[in-house]
Amino acid sequence: MSTFQAPIGTHDVLAPQSALWEGLVATFAQYAYRYGFTLAVTPMFEEIGVFNRGIGEHSDVMTKEMYVFTDRGERTYALRPEGTASVVRAFVQHQPVTPYKAWYVTPAFRYERPQAGRYRQHHQLGVEALGSDDPAMDVEVIALAWRFYEALGLTRVRLLINSMGHAECRARYVEVLRGHLDEHREQLCDEHRASWSTNPLRVLDCKRDACVAVTNDGPSLPDFLCADCAAHFAAVRAGLASLGISSTLQPRLVRGFDYYTRTTFEFVADALGSAQNAIGGGGRYDGLTEQLGGKPTSGIGFGSGIERLLLAREAEGLTSNLINRSIDVFIVDTTGGAEATALADQLRRAGFAVERAYDARSMKSQMKAADRSGARVALLVGPQELEAGQITMRDLRSDDFETAQRRVERAGLVATLREHLSK
Ligand code: HAM
């Protein structure tokens, strides 16, 4: 019979790789907490309208990449392609006190052409802050991402930033851009020669040389900001600079979803040097709550891809786990296994990470498993130890055979182990 594989564009994460994931998520949770964000868990699927209205029906994600299904009650749902729309839908539904600051970790589903750093199920760490249009909120959200990347050890990260203005600034810009694209439409890439007029902003997102050349010569978004939006953007950049976080103005940065207003940003890992070098991105979405039926409320957030963060760490040669997942003690029981069960329970309750052998294996086989486990200490229980109320403690990292092994009293084992492991 043929066996099954994980679906195309998805992957299984098993040890030791999964310890890196754990470390990443734990570090992010710690940073989110320090910045005052609380965890939000929302459903992995939503009514399709949440995304349609939220991220825009003409976005690439909406037109080409959604996983849509009808359930047995004939309702049309979509697997979430990103985290923002769901959090904002939950905000509108529950109306928490503002500013409402939430963090999340979630799988996201997009029917993309799979390649290194681009998957059909990827995972995002993100935050959303709703209810304040203070530039200080933009600064804190961006600083959280930046400090988190620093904590991961990443040093080759650049922050690209832009402002799309509010709806009116953008409408004025889009009109001029439309004229420019119309004039040069024959020079656009095949895809956008046909589709540019549906949403001209998408052409700015296009990475193909033809579109880049046309839009580079075109109008620049920051020139179209009204006085308020320009002041907001200047305050965000000054705030970042005051924290020592340098940002590069990228006037083409409009990002892939229609909900963005004002500040937009992206973090690029230079060590990746590929088309998939964006390790995070986000921005303001001051009209999104209304799109989803709520009261006007400004919002800002970012999402960062776990897989890409790990690729970026690897590319920078960073190998530390961020979290300790090593085994303290391995129990070798040659008296049948009941002692291992009792001892493991006692030591785990005392806070040690304990592994043991199963299936009444031979002493040799159990010692091999102890070595493989990476445990610092092996505790050996044989018939003699059992009778004497003692345990043989062997330090598996010590080369000195004389001192590596000694008999200890079972009664004082927890204290003895603590002392030994603290050395
Ligand atoms: P996004 O730029 O589409 O933004 O995705 C955020 C991050 O997720 C990207 O920078 C990238 O690291 C990762 N990512 C996206 N697609 C893939 C993929 N197919 N495979 C692997 N990694 C991927 C958002 O999703 C917005 N919700 C961010 C946001 C939050 N804006 C405001 N608040």
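Just so we're clear, the structure is a prediction, and the values are computed from it rather than from any experiment. (Residues numbered from 1 in each chain as written. Predicted model: local features only at pLDDT ≥ 70, side-chain atom pairs only at ≥ 80, totals over all residues. Heavy atoms only, no water.)

Colleague: Sorry if this is basic, but what is going on with the overall build of the protein chain here?
Modeller: Each helix and strand in the protein chain was counted, giving 17 helices and 16 strands. Taking 22 Å as the expected radius of gyration for a compact globule of 423 residues, we find that the protein chain reaches 28 Å, considerably beyond that expectation. Dimensions of the protein chain, computed from the C-alpha atoms along their principal axes, are close to 90 × 60 × 45 Å. Partitioning the contacts of the protein chain with sequence separation of at least 6, the portion at a separation of at least 24 is 70%. As displayed, the protein chain offers around 21000 Å² of accessible surface, 50% of which is attributable to carbon and sulfur atoms. Charged side chains of the protein chain number 47 positive and 52 negative; the gap between the two group centres comes to 3 Å. (Helix = DSSP H or I, 4+ residues; strand = E, 2+ residues; numbered from the N terminus. Rg over C-alpha atoms; globule rule 2.2 N^0.38 Å. Contact = heavy atoms within 4.5 Å. Areas by Shrake-Rupley, 256 points an atom, 1.4 Å probe, with all protein chains shown as cover. Lys, Arg positive; Asp, Glu negative; His and termini not counted. Charge placed at Lys NZ, Arg CZ, Asp CG, Glu CD.)

Colleague: What am I meant to see in unusual backbone geometry here?
Modeller: Most peptide bonds take the trans configuration, and most residues that are not glycine carry a negative phi. Here alanine 15 and proline 16 are connected by a cis peptide whose omega angle stands at 5°. Turning to its location among the elements, proline 16 is positioned in the segment before α1 (17-34). The peptide bond linking threonine 98 to proline 99 adopts the cis configuration, its omega dihedral lying at -5°. Residue position: proline 99 is located in the loop between α4 (84-94) and β5 (100-109).

Colleague: Could you clarify how one ought to interpret a positive patch on the surface in this entry?
Modeller: The grouping of Arg361, Lys364, Lys368 and Arg372 at the surface amounts to a positive patch. The topology assignment puts lysine 364 in helix α14 (residues 363-373). Judged by relative accessible area, lysine 364 falls into the exposed class, the value being 65%. (Patch = residues over 30% accessible without salt bridge, like charges linked within 9 Å, V, L, I, M, F, W, Y side chains within 5 Å. Salt bridge = Lys/Arg side-chain N within 4 Å of Asp/Glu carboxyl O. Buried < 20%, exposed > 50% of the residue type's maximum accessible area, 1.4 Å probe, protein only.)

Colleague: Mind showing me how you'd approach the site of the ligand here?
Modeller: The local shell around the ligand holds 27 residues, among which Glu82, Thr84, Glu112, Arg255 and Tyr260 are the closest. Measuring from an oxygen atom of the ligand, one finds a backbone N or O atom of isoleucine 279 at 3.4 Å. In the model, an oxygen atom of the ligand is placed 3.2 Å from a nitrogen or oxygen of the glycine 305 main chain. For the ligand, whose accessible area on its own is 660 Å², the fraction buried by protein is 95%. Those elements that provide at least two residues to the shell around the ligand are β6 (121-130), β10 (278-284) and β11 (299-305). (Near = heavy atom within 4 Å. Polar contact = N/O pair within 3.5 Å; in protein donor to acceptor, adjacent residues only side chain to side chain.)

Colleague: Quick question: what am I supposed to make of the sheet that holds strand β3 (residues 68-70) here?
Modeller: Either a parallel or an antiparallel arrangement is found when strands of a sheet pair, and the pairing is made through backbone hydrogen bonds. Taken in spatial order, the three strands make up an open sheet running β2-β4-β3, and their pairing is antiparallel. At either margin of the open sheet sits one strand with a lone partner, and together these are β2 (45-47) and β3. Mean inter-strand twist for the sheet, computed between neighbouring axes without regard to direction, equals 35°. When β3 meets strand β4 (residues 76-79), the two strands line up antiparallel, connected through three bridges. The partner of valine 68 across the bridge, within β4, is alanine 78. Along the sheet face, helix α2 (residues 48-55) touches β2, β3 and β4 and points at about 80° away from the line of β2. (Pairing = 2+ DSSP bridges. Axes fitted to C-alpha atoms, helices over the stretch in contact; angles between N-to-C directions.)

Colleague: What exactly am I supposed to notice about the packing of helix α13 (residues 338-349) against helix α17 (residues 413-421) here?
Modeller: Relative orientation and spacing of two packed helices are given, respectively, by the angle between their axes and the distance between those axes. At their nearest, the axes of α13 and α17 sit 11 Å apart, and the two run at 60° to each other. Taken together, α13 and α17 sit at an angle that is classed as oblique. Remark: the crossing between α13 and α17 carries right-handed chirality. Here Leu343, Gln346 and Leu347 of α13 lie close against α17, whose contacting residues are Leu413, Val414 and Leu417. Class assignment of the residues belonging to the contact of α13 with α17 gives a composition of five nonpolar, one polar and no charged. (Parallel < 35°, antiparallel > 145°, perpendicular 65-115°, else oblique. Left-handed = near helix turned anticlockwise from the far one by under 90°. Nonpolar A, V, L, I, M, F, W, Y, C, P; charged D, E, K, R; others polar.)

Colleague: When you look at the domain arrangement of the protein chain in this model, what are you seeing that I'm missing?
Modeller: How big an interface is tends to be reported as the loss of accessible area on association of its parts. Segmenting the protein chain into domains produces domain 1 (17-166 + 226-315) and domain 2 (329-421). Here domain 1 and domain 2 have C-alpha centroids that lie 47 Å from each other. (Domains from an automatic or database assignment.)

Colleague: Explain the sheet that holds strand β7 (residues 157-163) here, please?
Modeller: Strand order across the open sheet formed by eight strands is β1-β5-β6-β11-β10-β9-β7-β8, with mixed pairing between neighbours. Only two strands of the sheet have a single neighbouring strand rather than two, namely β1 (38-39) and β8 (247-249). Alignment of β7 against β8, held across three bridges, turns out to be parallel. Of the residues in β8, the one forming a bridge with leucine 159 is serine 247.

Colleague: Would you take a moment to explain the side chain of serine 132 for this structure?
Modeller: Its location among the elements puts serine 132 in the loop between β6 and α5 (135-151). Setting aside residues no more than four positions away along its own chain, serine 132 makes contact with Met137, Arg284 and Ser298.

Colleague: It is not clear to me how α4 should be interpreted in this structure. Could you clarify?
Modeller: Residue pairs three or four apart in sequence face the same way in an α-helix, which turns once every 3.6 residues. In terms of burial, α4 is a largely internal element, nine of the 11 residues being buried. Buried residues along α4 sit against β2, α2, β5, β6 and α11 (288-291). Phi for glutamine 95, located one or two positions after α4, is positive at around 45°.

Colleague: Is there a simple way to explain α1 in this structure?
Modeller: With 18 residues, α1 extends 26 Å between its outermost C-alpha atoms, agreeing within 8% with the 26 Å of an ideal straight helix rising 1.5 Å per residue. Among all positions in α1, only Ala19, Leu20, Trp21, Gly23, Leu24, Thr27, Phe28, Tyr31 and Ala32 are buried. On its buried face, α1 is in contact with β5, β6, α5, β11 and α12 (306-315). Glycine 36 occupies a position one or two residues after α1 and carries a positive phi of about 85°. (Expected span 1.5 Å × (residues − 1).)

Colleague: For this particular structure, what's the right way to read the environment of threonine 27?
Modeller: Looking at the element boundaries, threonine 27 is found in helix α1. Residues contacting threonine 27, with those up to four places away along its chain left out, are Phe148, Ala151, Leu152 and Leu322.

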